[in-house]
Amino acid sequence: MVLRFSPLLKGRKLNDVFYCWRRVKTTDGERFEGCNPNEYWEFSWDEYEYLKFKNAKYGKLKSLVTVSLRSKETFTKNGG
């Protein structure tokens, strides 16, 4: 079992490891959409100190309410 975040993702992209969805404002309220996490997060995976990455950025449009990640290993699409 991997306990450190960066070794788990070394050589992999976020969408290899996580499901991603965004909550979008609409005229009727909100809706959820699947999305690619690489659109919102950018990492180098190189730590200069424990859990402090050389390159770590997150950005989302103001029109989005939230962008969320869920582990593919822990949660299957069947609801696992």
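Preceding block: the structure.
Residues numbered from 1 in each chain as written. Predicted model: local features only at pLDDT ≥ 70, side-chain atom pairs only at ≥ 80, totals over all residues. Heavy atoms only, no water.

### Examining the overall build of the chain
Argument step 1. Per the secondary structure count, the chain includes 2 helices and 7 strands.
Argument step 2. Each helix and strand of the chain, placed in order from N terminus to C terminus, yields the pattern α-α-β-β-β-β-β-β-β.
Argument step 3. Here the chain holds 80 residues, and 22% of them are scored as buried.
Argument step 4. The contacts of the chain with a sequence gap of at least 6 include a subset with a gap of at least 24, amounting to 51%. (Helix = DSSP H or I, 4+ residues; strand = E, 2+ residues; numbered from the N terminus. Buried < 20%, exposed > 50% of the residue type's maximum accessible area, 1.4 Å probe, protein only. Contact = heavy atoms within 4.5 Å.)

### Some points on the pairing of strand β2 (residues 29-34)
Argument step 1. As judged from the 6 bridges shared by strand β1 (residues 18-26) and β2, these two strands associate in the antiparallel manner. For W21, the partnering residue across the bridge sits in β2 and is G34. (Pairing = 2+ DSSP bridges.)

### Focus on the sheet that holds strand β7 (residues 64-71)
Argument step 1. Taken in spatial order, the 3 strands make up an open sheet running β2-β1-β7, and their pairing is antiparallel. Every interior strand has two partners, whereas the edge strands, β2 and β7, have only one. Averaged over all neighbouring strand pairs, the angle between strand axes comes to 20 degrees, with direction disregarded. (Axes fitted to C-alpha atoms, helices over the stretch in contact; angles between N-to-C directions.)

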